[in-house]
Amino acid sequence: MNIYRERKRAILNALIKQYGVSEAYDMYGVFIGYRKPKCSICGAEIYDYSEWSETGYEIKKCTNNCWVHTTYSLTDRLETKGFYYYGKLTESIYQSFQEQIKENAQKMKQKNALFWRKKKTQRKRKEGLNVKTI
């Protein structure tokens, strides 16, 4: 079934009228199959909450707590395994935070590869079961 652009616009406009802009875009994203960003370390969803215009508070974090980025009135807290910073954020500090997240993702990928790799005896035993007999 194809849903054409005009139909999608009508659905979005109806959602905006009924629920408001913020909730409507969230619902519309689910409707069209827009996927939320995933954590590069564990693959879980990313929680993103902002009250910036009211209190100056924002939080962005992995739902498995692999990393956390909290901002409150121009003071940032960056936290992940192997990295912690609290203070005014600069581009170099944020870059080193992103590099640490990439390192943690590589370590987790290697750890998972080792965990799911089968022993040679298990592979041989499985290959032996696939032999056809007549």
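Residues numbered from 1 in each chain as written. Predicted model: local features only at pLDDT ≥ 70, side-chain atom pairs only at ≥ 80, totals over all residues. Heavy atoms only, no water.

**Observations regarding the overall build of the protein chain**
Each helix and strand counted, the protein chain has 4 helices and 5 strands in total. Its helices and strands taken in sequence order, the protein chain reads α-α-β-β-β-β-β-α-α from the N to the C terminus. Here the protein chain holds 134 residues, and the buried ones make up 22% of them. Of the contacts formed within the protein chain by residues at least 6 apart in sequence, a portion of 15% connects residues at least 24 apart. (Helix = DSSP H or I, 4+ residues; strand = E, 2+ residues; numbered from the N terminus. Buried < 20%, exposed > 50% of the residue type's maximum accessible area, 1.4 Å probe, protein only. Contact = heavy atoms within 4.5 Å.)

**Thoughts on the state of the cysteines**
Tallied over the entire structure, the rule returns 0 disulfides. Not part of a disulfide, Cys 39 finds its nearest cysteine sulfur in Cys 62, a span of 3.7 Å. Here Cys 66 is not disulfide-linked; the sulfur of Cys 42 is the nearest cysteine sulfur, at 3.5 Å. A residue is classified by how much of its surface remains accessible, and Cys 66, at 17% relative accessible area, is buried. (Disulfide = S-S within 2.5 Å.)

**Quick notes on helix α3 (residues 91-116)**
Over its 26 residues, α3 runs 37 Å from end to end, which matches the ideal 38 Å to within 8%, given 1.5 Å per residue. Check the buried side of α3 and you find it contacts β3 (67-72), β4 (75-80) and β5 (83-87). (Expected span 1.5 Å × (residues − 1).)

**Examining the sheet that holds β4**
Across the sheet, 5 strands lie side by side as β1-β2-β3-β4-β5; this open sheet has antiparallel pairing. The sheet terminates laterally at β1 (46-51) and β5, the two strands that pair on one side only. The average undirected angle you get between the axes of adjacent strands in this sheet is 5°. In terms of strand pairing, β3 meets β4 through 6 bridges, oriented antiparallel. Within β4, the residue paired with Val 68 across the bridge is Glu 79. Relative to the sheet, α3 contacts β3, β4 and β5, its axis offset from that of β4 by approximately 20°. (Pairing = 2+ DSSP bridges. Axes fitted to C-alpha atoms, helices over the stretch in contact; angles between N-to-C directions.)

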